[in-house]
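Geometric and topological summary
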Amino acid sequence: MESEPQVTVLFIEKPHEVNAYVHGPFTPRPLDAERISLRYPHITGPLEHRGLECVEDFGLSDYVVHALLPDGGHLSIAPPQETDDAHPAIPGFPDSWHVTRNHPEDDDQFEVIYNSEPGGPHEHNRGSVPAMLAVVYQRLAQLGVPGREELLATQARAEQLLREAGFVDRSTTTDIQFQLPPDGTGLAARSAAVTRAVRAFQSEGIGYACPADLLGEVVQAAPPAMPSSSRDSAARVTSAALPPVALESTEPREWTSGQPHQQVARQR
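What you see is a predicted model; the values in this text were computed from it and never measured.

**Looking at the nonpolar core**
V9, F11, V22, L162, F167, V194 and F201 are the most contacted members of the largest nonpolar core, which has 25 residues in total. Those elements that provide at least two residues to this core are β1 (8-14), β2 (17-23), α3 (148-164), α4 (187-204) and β10 (207-211). For this core, the element with the highest residue contribution is α4, accounting for six residues. In contact with L162, not counting residues within four places along its chain, are V9, F11, A20, V22, F167, F178, A197 and F201.

Printed below as a string of structure tokens:
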């Protein structure tokens, strides 16, 4: 299954300007109290530092960490469930860990990555988090999941390509935002700038989404797939939630994204 891009650029057109928002695992975003880990910060912190979005859910008898993967699958990192060791003396620090890889649409992807439970191949590590994370990181590398440095480089490259296309940095503490200068920017100039940027994103595997009529011509290359979720009925990246954007109109409009030959209806 093809992985979704973890860095995506969303173009928003207003009456006299075009804004481009860069979204990735390390872009600024509003603090969400529901995402703050109270039980496993020593696990979710390192994984999110590597660019993976993590959520916690209650399992059979204790909380489980789910780390979302770019291909739509996830890792499940669980302490013992419904056993004598299911209630550790210190919450969040059990005597063992069990890590699996799962995919909701492909049962063949299921695998046990780590097992330090009694009788497991990593039993000697017991509840060591560093030992568990070392094995998880090794498997992520084998799966081709990009690490922090690669993602940061891709995000920086997306920003550079926007500058080269004529966009000006207008970033804030909550958005990485670029804008075409409104003065003297007619429809033809806006279309040319967005088309230059999209061609560059396609050639370098960076995701994008923009109104189809902003492109000067239909780009036939095969770019990476655009994440299949939404941002305010516009676009959202599954590996990093997009902050809301004030849109100018409620009329339906055709959008094009990084999915080859795919157009999705969006609301402006």
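**Comments concerning the packing of helix α1 (residues 41-49) against helix α2 (residues 129-142)**
At a minimum axis separation of 11 Å, α1 and α2 run at an interaxial angle of 30 degrees. In terms of orientation, α1 and α2 fall into the roughly parallel class. When you trace α1 past α2, the crossing you get is right-handed. Judged by residue contacts, H42, I43, P46 and L47 of α1 engage V129, M132, L133, V136 and Y137 from α2. Looking at the contact of α1 with α2, its residues break down into eight nonpolar, one polar and no charged.

**Considerations on the sheet that holds strand β4 (residues 63-68)**
Spatially, five strands are ordered β3-β4-β5-β6-β7 in an open sheet, and the strand pairing comes out antiparallel. Edge positions in the sheet fall to β3 (54-58) and β7 (111-115), since each has one partner strand and no second. Along the sheet, successive strands turn relative to each other by an average axial angle of 25 degrees, direction set aside. Sheet topology note: the strand β5 (residues 74-78)/strand β6 (residues 98-102) ladder contains five bridges and is antiparallel. From the neighbouring strand, I77 faces β6, where its bridge partner is V99. Along the sheet face, α1 touches β3, β4 and β5 and points at about 150 degrees away from the line of β3.

**Some remarks on the packing of aromatic side chains**
Applying the stated criterion to the full structure yields four aromatic pairs. With a centroid separation of 6.3 Å and an interplanar angle of 35 degrees, the aromatic rings of F11 and F201 are classed as tilted. Placement of the pair is F11 in strand β1 and F201 in helix α4, with a sequence separation of 190 residues. Per residue, the accessibility class of F11 equals that of F201, and both read buried. With a centroid separation of 5.8 Å and 70 degrees between ring planes, the pair formed by Y40 and W97 is classed as edge-to-face. You can see Y40 sitting in the loop between β2 and α1 and its partner W97 sitting in the loop between β5 and β6, a full 57 residues away along the chain. This pair shows no difference in class: Y40 is buried, exactly as W97 is. Within the aromatic cluster, the residues linked to one another by ring pairs are F11, F167 and F201.

**Concerning the environment of N19**
Tracing the backbone shows N19 in strand β2. Spatially, the C-alpha atoms of N19 and D169 are 9.8 Å apart, while their sequence positions differ by 150 residues. A polar contact of 3.2 Å, which involves the side chain of N19, links it to the side chain of E17.

**Let's talk about unusual backbone geometry**
Even without being a glycine, R126 presents a positive backbone phi close to 50 degrees. Mapping R126 onto the fold places it in the loop between β7 and α2.

**Notes on the confidence of the model for the protein chain**
When pLDDT is averaged across the protein chain, the result is 74; 69% of the residues are at 70 or more. Of all the helices and strands in the protein chain, strand β12 (residues 263-267) carries the lowest mean pLDDT, 32, while β7 carries the highest, 96. Scored below 50 in pLDDT, residues 218-252 makes 101 contacts in the model with residues more than four places away or belonging to other chains. Per-residue pLDDT stays below 50 along residues 259-268; that stretch engages in 43 contacts with residues further than four places along the chain or on separate chains.

**A short note on the pairing of β4**
Moving residue by residue along a regular strand, the side chains alternate between the two faces of the sheet. Here β3 pairs with β4 via five bridges, running antiparallel. Across the sheet, the residue bridging to D57 is V64, located in β4. The hairpin formed by β3 and β4 contains four residues between the paired strands. Where β4 lies against β5, four bridges are found, and the strand directions are antiparallel.

Each value, and the rule that gives it
- Residues numbered from 1 in each chain as written.
- Predicted model: local features only at pLDDT ≥ 70, side-chain atom pairs only at ≥ 80, totals over all residues.
- Heavy atoms only, no water.
- Core = buried A, V, L, I, M, F, W, Y, C linked by side-chain atoms within 4.5 Å.
- Buried < 20%, exposed > 50% of the residue type's maximum accessible area, 1.4 Å probe, protein only.
- Helix = DSSP H or I, 4+ residues; strand = E, 2+ residues; numbered from the N terminus.
- Contact = heavy atoms within 4.5 Å.
- Axes fitted to C-alpha atoms, helices over the stretch in contact; angles between N-to-C directions.
- Parallel < 35°, antiparallel > 145°, perpendicular 65-115°, else oblique.
- Left-handed = near helix turned anticlockwise from the far one by under 90°.
- Nonpolar A, V, L, I, M, F, W, Y, C, P; charged D, E, K, R; others polar.
- Pairing = 2+ DSSP bridges.
- Phe/Tyr/Trp six-rings, centres within 6.5 Å; stacked < 30°, edge-to-face > 60°.
- Polar contact = N/O pair within 3.5 Å; in protein donor to acceptor, adjacent residues only side chain to side chain.
- pLDDT = per-residue confidence, 0-100.

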